[in-house]
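One-letter residues, chain by chain:
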Amino acid sequence: MRVAAVGTGFIGKLVTPKLAAWGYDVTYVVSTPRSLAKAEALASQVGALASCDYDAVLASDKVDAVYLGIPNDLHYDYATRALEAGRSVILEKPMCSNYDEARRLVGLARERGLLLFDATTTLYQPNMLKAMEWLPRVGTVKMAVVNYSQYSSRYDRFKRGDIAPAFDPAHSGGALMDLGHYCLSWLCRLFGEPKDVTYLANVERGIDTSGVTLLDYGDFKATAIAAKDCGAPSYGIVQGTEGYIRMDGKPNALCTVELHLNDGTVEKYLPPEQDQYRAEFEALRGFAEGGQYGLEQCQKMDELGLVVSKVQTQARRSAGVTFPADER
C-alpha cells in the first residue's frame, strides 16, 4: 500500500517511520506551508517526497491511501477529500468531531468501496482480544470500570492561557476526545452500545479537562474515567457473577490481563513484546490484502467506531461541551 502521511505533529512523527519500517510505501509527507521544513525532515527519514499541496498529492498516481495524523477538527474534511479522490483513509482517533460527521464519512467510504480504517490502537491489541475471549467466563456482568488518567504538561500551558489543540474546543479537544476515547473504545469493544450515557466533567475554559462517563447497559453499569489534569494508575476491570477480568495498564497499551474466577482459578495473559502500534497496522494490512472480505471486516470495525463516536457525542453534549463542528 502506497501511503501519503499527513501531519508532522507528535503522532505523525511517531507513526510515519513505523509505517515505513513495517513495509508500507510512504510516498509523501504532507504538511501546511508553515510546517514544510518539518515535512521535509520527516520525508527524508522515510524516503518520501514532502508537499504542502494536499489536493495535488491526492491526485498523484503514487498514492493508494492517506494516513491522517492531524488535529481532530480536520479529520472529517481531509478524510472526505481523500475518499472523494478515490483514496482509502487511515484515520487516527477520534474518527471525527461528532457522530454526524463520522456517520457521513463511513457512508461515503462504503459508497466508494474504499477502506476507512479506524486507527484506534485499543481495538486491535491482543490483550483486548483476550479480554473478549474471557468475557463469557465471568458470568453475568454487573459492573465495569476503566481509568486512563495522565497529567498533561499541556495543562500547565492551558492554565496560563496558552491553549494547545488537545485543550481547544475549536479543535475538538478535551479529555473525552483524547484519553477518554480509548476508555470508551475498550468498553464498547466488549459490550457494544449502551442504552444511555451521561458525562460528569470538570470543565475549564469551555473544555473538559477530566471527567467520568456513566454508561447504562440496562442489566449492568460501566464507568469510564479520563483525566488530563491529574494522574492515577490506569486499569480496567469487568466484574461478573462468576469472577472478574482485570487489565493492568492503559486501555490502548500492551498490558497484562488477568482472569479471576470465584472457584479460585486465576489465569494471566502476557501480550507479546512488540511495538504498541503493530497490531493495528497488521490488521490494516489484512484488510487491504483481503479483497472483498477484508473490506467487509474493515466495515465491521467502522460500525464499532460509529458506536464509540455516538457515545462520545452524547456524553460530551450531556456535559455542555460543544464544538464548532456541532453547528455545521
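Shown above is the structure to which this text applies.
Residues numbered from 1 in each chain as written. Predicted model: local features only at pLDDT ≥ 70, side-chain atom pairs only at ≥ 80, totals over all residues. Heavy atoms only, no water.

Draft legend 1. Molecular detail of the side chain of H181. Positionally, H181 belongs in helix α8 (residues 179–191). For H181, a relative accessible area of 3% corresponds to the buried category. In this structure H181 touches K93, P94, M95, T120, L176, V308 and Q312, once residues within four positions along its chain are discounted. (Helix = DSSP H or I, 4+ residues; strand = E, 2+ residues; numbered from the N terminus. Buried < 20%, exposed > 50% of the residue type's maximum accessible area, 1.4 Å probe, protein only. Contact = heavy atoms within 4.5 Å.)

Draft legend 2. Broad picture of the pairing of strand β9 (residues 207–216). For β9, the buried fraction is high: seven of the 10 residues fall into the buried class. Bridge count for strand β8 (residues 196–204) against β9 is nine bridges, and the pairing is antiparallel. Note that in β9 the partner of V197 across the bridge is L215. Between β8 and β9, which follow one another and run antiparallel, lie two residues, and R205 among them has a positive phi close to 55 degrees. In this sheet, strand β10 (residues 221–227) lies alongside β9 in antiparallel orientation, the contact comprising seven bridges. Pairing of L214 across the sheet is with T223, part of β10. Counted along the chain from β9 to the antiparallel partner β10, the turn is four residues long, and its residue G218 has a positive phi close to 85 degrees. (Pairing = 2+ DSSP bridges.)

Draft legend 3. Summary view of the packing of aromatic side chains. Applying the stated criterion across every chain yields a total of 14 aromatic pairs. A connected cluster of aromatic rings, assembled from ring pairs, spans W22, Y24, F117, Y124, F281 and F287. If you follow R81 out to its NZ or CZ, it ends over the ring of Y78, 5.1 Å from the centre. Positioned above the aromatic ring of F158, the side-chain terminus of R205 is 5.7 Å from the ring centre. (Phe/Tyr/Trp six-rings, centres within 6.5 Å; stacked < 30°, edge-to-face > 60°. Lys NZ or Arg CZ within 6 Å of the ring centre and 35° of its normal.)

Draft legend 4. Expanded view of helix α2 (residues 36–46). Considered for burial, the residues of α2 that qualify are A39, L42, A43 and V46. Relative to the axis of α2, the buried residues are bounded by an arc of 105 degrees and lie together on one face. In α2, the exposed residues that point more than 90 degrees away from the buried face are A37, S44 and Q45. If you follow the buried residues of α2, they end up packed against α1 (10–21), β2 (25–30) and β3 (49–51). Phi turns positive, to about 75 degrees, at G47, one or two residues after α2. (Arc of directions from axis to C-beta.)

Draft legend 5. Region of interest: the pattern of salt bridges. All told, the structure shown has 20 salt bridges when counted by the stated rule. Here D77 ties to R81 by a salt bridge, and the two come within 3.0 Å at their closest N and O atoms. In this pair, D77 and R81 are both assigned in helix α4 (residues 75–84), four residues apart and thus about one turn of the helix distant. Between K93 and D178 there is a salt bridge, with its nearest N and O atoms 2.7 Å apart. On the criterion of sequence distance, the pair formed by K93 in the loop between β5 (88–92) and α5 (99–112) and D178 in the loop between α7 (153–159) and α8 is long-range, its members being 85 residues apart. (Salt bridge = Lys/Arg side-chain N within 4 Å of Asp/Glu carboxyl O.)

Draft legend 6. Up close: the sheet that holds strand β6 (residues 116–119). What the six strands build is an open sheet, ordered β3-β2-β1-β4-β5-β6; its pairing is parallel. Each of the sheet's edge strands pairs with one partner strand only, and the pair in question is β3 and β6. Each strand axis lies, on average, 20 degrees off the axis of its neighbour in the sheet, ignoring direction. Two elements, strand β4 (residues 65–68) and β5, share four bridges in a ladder whose sense is parallel. Paired with A65 across the two strands is S88, which belongs to β5. (Axes fitted to C-alpha atoms, helices over the stretch in contact; angles between N-to-C directions.)

The values reported here are purely geometric and, on their own, carry no functional implication.
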